[in-house]
Amino acid sequence: QVQLVESGGGLVQAGGSLRLSCAASGHTLTHYAMGWFRQAPGKEREFVASINWSGGVTYYGDSAKGRFTISRDNAKNTVVLQMNSLKPEDTAVYFCAAGGLAVRLQLQTEVSSWGQGTQVTVSS
């Protein structure tokens, strides 16, 4: 099972940007679809973005479309979520996720490995 460690969270003002990174170990990332989910206080965990094994196909949740970009570097075993035009409602713990090659990784049931999460706080 792949191990995932997120970094890059923090406090940012509304309209600002953050870049989240997910470093993988234990397995090469080319065996996995990768993605990001988030969970705000008192809310269920929700899908943010995912990317297929090669990086050629991406999916975004409605809240991320047009503002967030997911990318991956299989040579470095990393996945990045670039978040722009951040809003206070983006405040949440962001989790990196890995799933099988054939999944879109839009559902939590498709996730085989989770990172520990990184806090993103957007102030108004």
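These notes cover the structure that comes with them. All residue numbers here refer to positions counted from 1 along the written sequence of the relevant chain. Given that the model is predicted, a residue must reach a pLDDT of at least 70 before its local features are reported, and side-chain atom pairs must reach 80 or more before they are shown or counted; all residues, however, enter totals for whole chains, interfaces and linings. Calculated side-chain values reflect all of the structure's heavy atoms, with hydrogen atoms and water omitted.

## Some details on the packing of aromatic side chains
In this analysis, rings of Phe, Tyr and Trp, with Trp reduced to its six-membered ring, are considered paired at centre separations within 6.5 Å, and the interplanar angle assigns stacked below 30 degrees, edge-to-face beyond 60, and tilted for intermediate values. Within the structure shown, the criterion is met by three aromatic pairs. Their ring planes at 70° and their centres at 5.7 Å tell us that Phe37 and Phe47 sit as a pair that is edge-to-face. Of the two residues, Phe37 is situated in strand 4 (residues 33-39) and Phe47 in strand 5 (residues 46-51); the sequence distance between them amounts to 10 residues. Pair check on accessibility: Phe37 and Phe47 agree, each one buried. Only DSSP runs of H or I covering at least 4 residues are called helices, and only runs of E covering at least 2 are called strands; the numbering of each starts at the N terminus. Only protein chains enter the calculation, and the probe is 1.4 Å; a residue is then buried if its accessible area is under 20% of its type maximum, exposed if over 50%, and partly exposed in between.

## Re the state of the cysteines
Criterion for a disulfide: a pair of cysteine sulfur atoms within 2.5 Å. With the rule as written, the count across this model stands at one disulfide. At a sulfur-sulfur separation of 2.1 Å, the disulfide partner of Cys22 is Cys96. Sign of the S-S torsion, about -85° for the bond between Cys22 and Cys96, identifies this disulfide as left-handed. In this pair, Cys22 sits in strand 3 (residues 18-25) while Cys96 sits in strand 9 (residues 92-99), placing the two residues 74 residues apart along the sequence. No difference in accessibility class separates Cys22 from Cys96, as the two residues are buried.

## Quick look at the nonpolar core
The nonpolar side chains of soluble globular proteins are, as a tendency, buried together. The criterion is simple. A nonpolar core is a set of buried Ala, Val, Leu, Ile, Met, Phe, Trp, Tyr and Cys residues joined through side-chain atoms within 4.5 Å. Ranked by internal contacts, the top residues of the largest apolar core, which has 28 residues, are Met34, Trp36, Leu81, Met83 and Tyr94. Listed by contribution, the elements that provide at least two residues to this core are strand 3, strand 4, strand 5, strand 7 (68-73), strand 8 (78-83), strand 9 and strand 11 (118-123). Of all hydrophobic cores here, the second largest spans six residues; its members include Ala33, Phe37, Phe47 and Ala97.

## With respect to the side chain of Ser50
Along the chain, the position of Ser50 falls in strand 5. Judged by its relative accessible area of 0%, Ser50 is buried. N or O atoms closer than or at 3.5 Å make up a polar contact, with two conditions inside protein: a donor-capable atom paired with an acceptor-capable one, and, for residues adjacent in sequence, both atoms drawn from side chains. In this structure the side chain of Ser50 is engaged in a polar contact, spanning 2.6 Å, whose partner is the backbone oxygen of Arg104. Whether two residues are in contact is decided by their heavy atoms: any pair within 4.5 Å suffices. Among all residues touching Ser50, those that are not within four sequence positions of it are Met34, Gly35, Val57, Thr58, Tyr59, Ile70, Arg104, Leu105 and Gln106.

## Description of the environment of Lys43
Note on placement: Lys43 falls in the loop between strand 4 and strand 5. Separated by 49 residues in the primary sequence, Lys43 and Ala92 have C-alpha atoms spaced 9.4 Å apart.

## Points about the pattern of salt bridges
In what follows, salt bridge is the name for a side-chain nitrogen of Lys or Arg lying within 4 Å of a carboxyl oxygen of Asp or Glu. Overall, the coordinates contain four salt bridges when judged by the stated rule. Where Arg38 meets Glu46, a salt bridge forms, and the shortest distance between an N and an O atom there is 2.5 Å. Judged by its relative accessible area of 33%, Glu46 is partly exposed. Residue Arg67 is joined to Asp90 by a salt bridge in which the shortest nitrogen-to-oxygen separation is 2.7 Å. With Arg67 in the loop between strand 6 (58-60) and strand 7 and Asp90 in the loop between strand 8 and strand 9, the pair connects residues that are 23 residues apart, well separated along the chain. The class of Asp90 is buried, set by a relative accessible area of 1%. Among the charged side chains, a salt-bridge network with shared partners connects Arg38, Glu46, Arg67 and Asp90.

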